[in-house]
Amino acid sequence: MNYRIEPDIKKAETLPAEFYRNEKVFERLKERVFGGCWHWLGDESICPIGVGASSLKLLEGFLDEPLLVTRNEQDEINVLSNICTHRAFMILQGTSHSKQLICGYHGRRFDLNGRFKHMPEFGEAEDFPRACDHLPSFDLEQIGSFLFTSLDPLFDLKPTLDEIEKRIGFLPLDEFGRRDDLSKDYLVNAHWALYCDNYLEGFHIPFVHADLNAVLDYGSYETICYDHMNLQIGYSSGGEEVFDLPHDHMDYGKEVAAYYFWIFPNLMLNFYPWGLSVNVVKPINMDKTKVSFITYVYDESKLHSGAGALLDKVEREDEFVVEGVHLGLKSKHYRTGRFSPTREQGVHHFHSLLAKYVSS
Ligand code: FES
Ligand SMILES: [Fe+2]
């Protein structure tokens with residue numbers, strides 16, 4: 001399997017149509033990219049209050065990796081495997097407030113850091129316990145109260161979060177409240193990477209999103225690429241809600257309506273003057289994707305104006321074009337396309353990373 005994207009966007013071609021239709025590519029993306037990328041876990045409220053553990057499945061219906069998020073007596077959060085190291089029973093379903101994890105099959109016990117503690121009837125077992133009898137524990141990163149984990153990190157998330165912090169660190173992230181009434185899942189009939197392709201360019205805004213285009217200044221829309229992250233900045237066309245940036249902010253004096261952060265490959269953190277819309281793109285199969293919109297509000301008064309209003313309408317407009325492209329890529333007469341050097345830097349960045357990780 002070999003894909004290459006020319007680093008010079010002026011000469012580069014997009015990933016070929018075949019990339020989105022190839023079952024082996026889809027599986028390889030699942031294993032390499034999703035097996036190693038950083039995943040959104042949620043905010044700290046997913047951990048029990050006080051000590052204990054909560055179970056979750058990472059990318060349910062796709063990776064289906066059973067995890068535990070624990071909080072120990074030192075108030076530290078850990079992400080552990082929820083699979084018992086004896087004979088692979090799932091240790092916990094739901095939430096527990098116990099200081100230990102006890103497997104319901106044969107009683108193996110672990111502490112909230114995943115350390116093996118005790119196992120009945122193993123007194124005569126030799127060379128036991130070994131390091132592999134502890135529960136595997138996974139990397140955890142945090143910004144505000146938002147938690148991210150990776151099963152086998154492809155890259156270091158810390159510098160990415162530092163870049164994000166430089167732009168939005170002035171916002172009181174701890175005051176962002178999750179709003180389930182404003183959160184929603186969308187089912188999109190398209191390959192997951194096509195949803196991301198579309199997200200990664202503002203090029204289509206004047207053509208596809210008339211309402212959004214009216215509040216954004218298309219001319220100054222900007223894309224900045226980092227290592228495994230990129231940022232699109234939407235500026236207000238005037239009179240709309242913008243961030244109240246502090247004097248020492250790198251964008252001070254600019255009318256910023258939205259910061260759209262994308263973390264490779266499937267995670268979007270969209271900051272608006274009212275709060276945050278997290279989008280997690282969850283593959284189901286090659287033709288179906290679930291996109292979860294998770295909403296955090298901190299200034300309710302700004303909720304219904306500016307670039308962050310009408311998210312539902314914008315989403316449906318995006319689905320229309322993404323599903324259209326998904327069908328278009330099945331044509332025998334389309335092989336590959338080119339990038340706009342001024343408007344599609346984000347898509348070029350994404351394709352370059354996909355090609356790198358999927359190639360043998
Ligand atoms: S599978 Fe957990 S104790 Fe046997
Ligand atoms: Fe869009």
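Details of the structure are given in the entry above.
Keep in mind that this is a model prediction, so the values were computed, not measured. (Residues numbered from 1 in each chain as written. Chains lettered and ligands numbered in written order. Predicted model: local features only at pLDDT ≥ 70, side-chain atom pairs only at ≥ 80, totals over all residues. Heavy atoms only, no water.)

J.: Which parts of the structure should I look at to understand the side chain of asparagine 270?
T.: Following the sequence through the fold, asparagine 270 ends up in strand E16 (residues 267-272). One polar contact links asparagine 270 to asparagine 279, side chain to side chain, over a distance of 3.0 Å. Once residues within four sequence positions are removed from consideration, asparagine 270 is found in contact with Tyr199, Tyr259, Tyr260, Gly275, Leu276, Ser277 and Asn279. (Helix = DSSP H or I, 4+ residues; strand = E, 2+ residues; numbered from the N terminus. Polar contact = N/O pair within 3.5 Å; in protein donor to acceptor, adjacent residues only side chain to side chain. Contact = heavy atoms within 4.5 Å.)

J.: When you look at the coordination of the iron ion (ligand 2) in this model, what are you seeing that I'm missing?
T.: Under perfect tetrahedral coordination by four donors, a metal shows angles of 109.5 degrees; under perfect octahedral coordination by six donors, it shows angles of 90 or 180 degrees. Protein-derived ligands of the iron ion (ligand 2) are His204 (NE2), His209 (NE2), Asp318 (OD) and Asp318 (OD), with the metal-ligand distances lying across 2.0 to 2.7 Å. The site at the iron ion (ligand 2) holds four donor atoms, and with the angles between them running 54 to 148 degrees, its shape is irregular. Going along the chain, you hit the donors of the iron ion (ligand 2) in the pattern H-x4-H-x108-D. In this pair, histidine 209 is assigned in the loop between helix H5 (205-208) and helix H6 (210-215) and aspartate 318 in helix H7 (residues 311-328), connecting sequence segments 109 residues apart. By relative accessible area, which is 2% here, histidine 209 ends up buried. Judged by relative accessible area, aspartate 318 falls into the buried class, the value being 11%. (Donors = N, O, S within 2.8 Å, 3.2 Å for Na, K, Ca; no water. Tetrahedral: all angles 85-135°; square planar, octahedral: opposite > 155°, others 65-115°. Buried < 20%, exposed > 50% of the residue type's maximum accessible area, 1.4 Å probe, protein only.)

J.: Mind showing me how you'd approach the packing of helix H4 (residues 192-199) against H7 here?
T.: Each pair of packed helices can be described by the angle between their axes along with the distance between the axes. In the contact formed by H4 and H7, the axes pass within 9 Å of each other and the chain directions differ by 125 degrees. What the angle tells us is that H4 and H7 run oblique. Between H4 and H7 lies a crossing of right-handed hand. Mapping the contact onto sequence places Leu194, Tyr195 and Asn198 in H4 and Glu315, Asp318, Val321, Val322, Val325 and His326 in H7. (Axes fitted to C-alpha atoms, helices over the stretch in contact; angles between N-to-C directions. Parallel < 35°, antiparallel > 145°, perpendicular 65-115°, else oblique. Left-handed = near helix turned anticlockwise from the far one by under 90°.)

J.: Honestly, unusual backbone geometry in this entry has me stumped. Any pointers?
T.: Glycine aside, residues mostly have negative phi angles, and peptide bonds mostly take the trans form. Between phenylalanine 128 and proline 129 the backbone carries a cis peptide bond, its omega angle lying at 0 degrees. The amide bond that connects phenylalanine 264 to the next residue, proline 265, takes the cis arrangement and shows omega of 0 degrees. The topology assignment puts proline 265 in the loop between strand E15 (256-263) and E16. Notably, alanine 88 is not glycine yet its phi reads approximately 70 degrees, a positive angle. Here alanine 88 shows up in the loop between strand E4 (77-81) and strand E5 (95-96). Its identity as a non-glycine residue notwithstanding, glutamate 121 has a phi of 65 degrees, on the positive side.

J.: Would you take a moment to explain the pairing of E16 for this structure?
T.: Residues in a regular strand point their side chains to alternate faces of the sheet. Summarising burial for E16: six of the six residues are buried, a large majority. As judged from the five bridges shared by E15 and E16, these two strands associate in the antiparallel manner. Bridge pairing in E16 links tyrosine 259 to phenylalanine 271. Hairpin geometry of E15 and E16 is characterised by an intervening segment of three residues between the two adjacent antiparallel strands. In this sheet, strand E17 (residues 275-285) lies alongside E16 in antiparallel orientation, the contact comprising six bridges. Among the inter-strand pairings, asparagine 270 is bridged to a residue of E17, identified as serine 277. (Pairing = 2+ DSSP bridges.)

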